[in-house]
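Fold and geometry: a report
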Amino acid sequence: MSSAAASAAAASPAPADRSTHADAHPGDDTARGGRRQRRPPGRHQRSETRAALLFLSPWIVGFLVFTAVPMVWSLYLSFTDYGLLGEPVAVGLRNYQRMMSDPKVATALGNTFVYAALYVPCAIIVSLGLALLLHRLIRGAGFFRTVYYLPVMAPGVAVAVLFSLLLNGNYGLVNRALELVGIRGPQWLTDPAWIKPSIVLMSLWGLGGAIVIFLAALSGVPRELYEAAEMDGASAWRRFRSITLPMISGAMFFQVIVLTIAAMQLFDKIFVLFGNPGAQTSASDASLFFVLYLFQQAFQQLKMGYASALAWLLFLIIVVITAIQVKVGNKLVYYEGGSTS
Amino acid sequence: MSAIPLAGGTVAVGEALAPAAVGSREPRRRNRTAQIVYWAALLGLAALFLYPFAWLISASFKPRAEVFDNRLIPLNPTLDNFVQVWNVAPMLTWFANSAMVAVLAAATVTVSSAMVAFGFAYFRFPLRNLMFGLVLATMMLPGMVTMIPVFLIWKDLGALNTRLPLWGTNLFGSPFYIFLLRQFFLTLPRELFDAARIDGCSNFGLFRRIAVPLSRPALIMVFVFEIQASWNDLLKPLIYLRDVNLYTIPLGLNSLFVKFNPVAGGEGDFQYIVTAALLSTVPMVVIFAVCQRYFVDGIAATARQG
């Protein structure tokens, strides 16, 4: 962060300043000595650096103004009481202490975890299943891929609205269809036990992206492997288990991480269904997701300090979960380069 | 069953071949059953994925009392909803707002990300890897962490209740697109740039006349991705917009949902909700129909790099 700040400061007002500075203190450059021998930092190198900084300037400014400063600011706010009016009042660790005893935080986290734990495996299985189906197609794969990807294009709000009608417990399509086969469908969006499965269902409709990624991974598996296995008499399941799965494990690992992070931050569908003032109050506890609670604290209760602390908690949780996944993943994922060495 | 005449034919050719023919009949029939199951699954699932759309389209053509009759073909089809929905809410304004914000967001983010990506891909300079590492790191940062201070920045700039915060940050590039475009620029042969430089091309010329024209597919990909992201975004409009006439489509649709949903004390005019939901989706479906290749290639590319 500080290095970027230094180069940014040098980049904007007077780029020439930087080079004279560097010339005046050649000792500063000892760390780059090795590179220097290969490529003496002559006039060309300096002009190249200047040109590069010019191209990078939008990002440097944006990084400082919309990422670095807000991060520090957010961390600061998390130790204050701030209601938008007046100045932030320092309260030390009180926001973090409050978080620990706030039952809503536990509820929201619990709901979010349950949802992620339900959604991610379902999404992986369903999208891999669909990708395997599509992968076998010789003609028409494009058509089916379009069909499965189309829901991704629908705005999240439209999806939430549509599914709130389809999943309506009394006259929705889903329960009417279940009635035909003699099943009495649940009150999907108001029964606390069914809220998470409903949202999983809703999100599964939009997993076209995962299908496309698995399709790309599947088409990268060398055919010879299957042919060799078939000649050795390996069954379809055995081929899937011993060839397909290891060969696409990298893509699967990527999906698990990305889908988990997205699941932890699910917002728009939740807001439309449960966050609107007056909406579905009966199920409020079961439908309180973490980012919804954060949003409510920040922009409805105007507790900006507390909300900032919540944001950092979410960040920390995501980092920990991702780190665990990477650690476990590195053991399970098959890397082509690694096995041959 | 239809495999029998075929097998019978082989039997007729000679007794010696019969055992082999009988042996091969079994897998062939199983293959056919597998094919039927396979196509049934494929078509059934496709129908399942399309049915919500079909339901939505159908419901939009139904009068108020029949929206929930769940018929695929409306009993009394009507175009009334498509006429009235523009009057019950400023839908046309919302569409215009969304279109304007989406185009601004996509155009600015494409240009700025391409510039930055080119800076990372083409030039060699101190701290390059460290700075690129920062780009990757910010890609992982959840938006929630910076959401509140960024809101306060726009507030201090007097930009609350304007469209500016919905696309303004795109002027500075987006880490994910910088990453994608850099990968693309790195595949361009360096000799091209060296030749142009010898011909007296400036640095900006290298970007403008060589990198950009050769990277059109990647740039279009970024553009359409951002169009979709901007069009579908609810959070930013929700945070920044108060004035109903500034609403974008997702925020407007949400307000219609609240207004007409009886659960929230609304009037129960679901025919307008379904019609608005359908209309909000149509532009994205059209874009997908035209630019499908870019979406599919782009999604696949993200995973390859990840």
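Just so you know, the residues in each chain are numbered from 1, in the order the chain's sequence is written. Working convention: letters from A go to chains and numbers from 1 go to ligands, in the order in which they are written. The predicted nature of this model means local features are confined to residues of pLDDT at least 70 and side-chain atom pairs, given and counted, to a pLDDT of 80 or more, with totals for whole chains, interfaces and linings taken over all residues. Values shown for side chains rest on all heavy atoms present in the structure; no hydrogens or waters enter the calculation.

1. A word on the confidence of the model for chain B
All names here are of chain B.
- Overall, the prediction assigns chain B a mean pLDDT of 87, with 88% of residues at 70 or greater.
- Per residue, pLDDT measures the predictor's confidence, with a range of 0 to 100. We call two residues contacting when some pair of their heavy atoms lies within 4.5 Å. Overall, residues 1–25 carries pLDDT values under 50, and its contacts beyond four positions in sequence, including any with other chains, amount to eight contacts.
- Model confidence for the complex is summarised by a pTM of 0.85, with the ipTM given as 0.86.

2. Looking at the nonpolar core
- The biggest cluster of nonpolar side chains holds 205 residues, and the ones touching the most others in it are Trp59, Tyr119 and Tyr148 of chain A together with Phe118 and Phe120 of chain B.
- Among the elements that take part in this core, helix 14 (residues 270–305) of chain B stands out by supplying 16 residues, more than any other. Only buried residues count toward a nonpolar core, which is a set of Ala, Val, Leu, Ile, Met, Phe, Trp, Tyr and Cys residues joined through side-chain atoms within 4.5 Å. Any residue under 20% of the maximum accessible area for its type is buried, any over 50% is exposed, and the rest in between are partly exposed; the area is computed with a 1.4 Å probe on protein chains only. The numbering of helices and of strands both runs from the N terminus, where a helix is a DSSP run of H or I of at least 4 residues and a strand a run of E of at least 2.

3. As for the packing of aromatic side chains
- Stacked, tilted and edge-to-face are the three classes assigned to paired rings of Phe, Tyr and Trp, where Trp is represented by its six-membered ring and a pair needs centres within 6.5 Å; plane angles under 30 degrees give stacked, over 60 edge-to-face, the rest tilted. For the coordinates displayed, the defined rule picks out 49 aromatic pairs over all chains.
- Both rings, one in phenylalanine 225 of chain B and one in phenylalanine 295 of chain B, keep their centres 5.4 Å apart while their planes meet at 70°; by these two values the pair is edge-to-face. Taken together, the residues span a long stretch of sequence, with phenylalanine 225 of chain B in helix 11 (residues 216–232) and phenylalanine 295 of chain B in helix 14 at a distance of 70 residues. The same class applies to phenylalanine 225 of chain B and to phenylalanine 295 of chain B, which are both buried.
- When the ring of phenylalanine 288 of chain B is compared with that of phenylalanine 295 of chain B, the centres are 5.7 Å apart and the planes differ by 55°; the resulting orientation is tilted. Neither residue differs from the other here; phenylalanine 288 of chain B and phenylalanine 295 of chain B are each classed as buried.
- The structure contains a cluster of three or more aromatic residues connected by ring pairs, namely Phe55 of chain A together with Phe118, Tyr122, Phe123, Phe185, Phe193, Phe204 and Phe207 of chain B.
- By definition here, charges over rings are those cases where NZ of Lys or CZ of Arg is within 6 Å of the ring centre and within 35 degrees of the ring normal. Taking NZ or CZ as reference, arginine 182 of chain B lies 4.0 Å from the ring centre of phenylalanine 132 of chain B, over its face.
- Between arginine 293 of chain B and the ring centre of tyrosine 294 of chain B, over which it is positioned, the NZ or CZ distance is 4.6 Å.

4. Side note on the interface of chain A and chain B
- With 91 residues of chain A at the contact, the number on the chain B side is 89 residues.
- Buried area counts how much accessible surface, traced with a 1.4 Å probe, disappears from two parts once they are put together, with both parts' losses summed. Between chain A and chain B, the buried area comes to about 8,200 Å², and carbon and sulfur atoms account for 80% of it.
- Its largest share of buried area at the contact with chain B, chain A owes to Phe55, Trp59 and Met153 of chain A, together 11% of the area lost on that side.
- Should a side-chain nitrogen of Lys or Arg be within 4 Å of a carboxyl oxygen of Asp or Glu, the pair is scored as a salt bridge. Between the two partners, chain A and chain B, sit zero salt bridges.
- Whenever two N or O atoms come within 3.5 Å, that pair is a polar contact, provided that in protein one can donate a hydrogen and the other can accept it, and provided that, for residues adjacent in sequence, both atoms are side-chain atoms. Inspection of the chain A/chain B interface yields 13 residue pairs in polar contact (both at pLDDT 80 or more).
- Counting residues per element, the side of chain A that touches chain B draws most heavily on helix 4 (residues 43–77) of chain A, which supplies 22 residues.

5. Observations concerning the packing of helix 14 (residues 249–264) of chain A against helix 17 (residues 304–332) of chain A
Residue and element names in this part refer to chain A.
- Lines fitted to the C-alpha atoms define the axes, with helices restricted to the stretch that makes contact. Angles between their N-to-C directions range from 0 to 180 degrees. Put simply, helix 14 and helix 17 touch, their axes get as near as 10 Å, and they point 165° apart. One way to sum up the angle between helix 14 and helix 17 is to call them roughly antiparallel. Of the two possible hands of crossing, helix 14 and helix 17 adopt the one that is right-handed. Contacts between helix 14 and helix 17 involve Phe253, Val256, Ile257, Thr260, Ile261 and Met264 from the former and Leu314, Ile317, Ile318, Ile321, Thr322, Gln325, Val326 and Gly329 from the latter.
- Of the residues contributing to the contact of helix 14 with helix 17, the split by class is ten nonpolar, four polar and no charged. If an angle is under 35 degrees, it is roughly parallel; if it is over 145, roughly antiparallel; if it lies from 65 to 115, roughly perpendicular; otherwise it is oblique. In this scheme the crossing of two helices becomes right-handed for a clockwise turn of the near helix relative to the far one and left-handed for an anticlockwise turn of less than a right angle. Basically, the charged four are Asp, Glu, Lys and Arg, the nonpolar ten are Ala, Val, Leu, Ile, Met, Phe, Trp, Tyr, Cys and Pro, and anything else, Gly included, counts as polar.

6. Describing the pairing of strand 2 (residues 85–90) of chain A
All names here are of chain A.
- Burial analysis of strand 2 places just zero of its six residues in the buried class, a small minority of the element.
- Should DSSP find at least two bridges between two strands, the strands are taken to pair. Note that strand 1 (residues 80–83) and strand 2 share three bridges and pair antiparallel. Bridge pairing links aspartate 81 to valine 89 in strand 2.
- Here strand 1 hands over to strand 2 after one residue, with leucine 84 in that stretch at a positive phi of 80°.

7. Concerning helix 4 (residues 91–122) of chain B
- A helix is expected to span 1.5 Å multiplied by its residue count minus one. Between its terminal C-alpha atoms helix 4 of chain B stretches 46 Å, which fits the 46 Å expected from 32 residues at 1.5 Å a residue.
- Among the 32 residues of helix 4 of chain B, 23 are classified as buried, and the element is accordingly described as predominantly covered.

8. Let's talk about the packing of helix 10 (residues 203–214) of chain B against helix 11 of chain B
Residues and elements named next belong to chain B.
- Across the interface, helix 10 lies against helix 11 with an axial gap of 5 Å and an inter-helix angle of 75°. Between helix 10 and helix 11, the interaxial angle falls into the category roughly perpendicular. Contacts between helix 10 and helix 11 involve Val212, Pro213 and Leu214 from the first element and Arg216, Pro217 and Leu219 from the second.
- Per-class residue counts for the contact of helix 10 with helix 11 are five nonpolar, no polar and one charged.

9. Let's talk about the side chain of serine 280 of chain B
- Along the chain, the position of serine 280 of chain B falls in helix 14.
- Here serine 280 of chain B is in contact with Pro155 and Ala158 of chain A together with Phe95, Trp231, Ile249 and Leu253 of chain B, once residues within four sequence places are set aside.

10. Some remarks on the pattern of salt bridges
Residues and elements named next belong to chain B.
- Under the defined criterion, the tally for this structure stands at five salt bridges over all chains.
- Measuring nitrogen to oxygen at the nearest pair gives 2.5 Å for the salt bridge that ties aspartate 269 to arginine 64. Remark: arginine 64 occurs in the loop between helix 2 (18–60) and helix 3 (80–88) and aspartate 269 occurs in the loop between helix 13 (249–260) and helix 14; sequence separation between them is 205 residues.
- One salt bridge in this structure joins aspartate 69 and arginine 71, with 3.7 Å as the shortest N-O distance.
- For aspartate 69, a relative accessible area of 26% translates into the label partly exposed.
- Judged by relative accessible area, which is 40%, arginine 71 ranks as partly exposed.
- Ionic contacts of the salt-bridge type, sharing partners, join the residues Lys62, Asp69 and Arg71 into one network.

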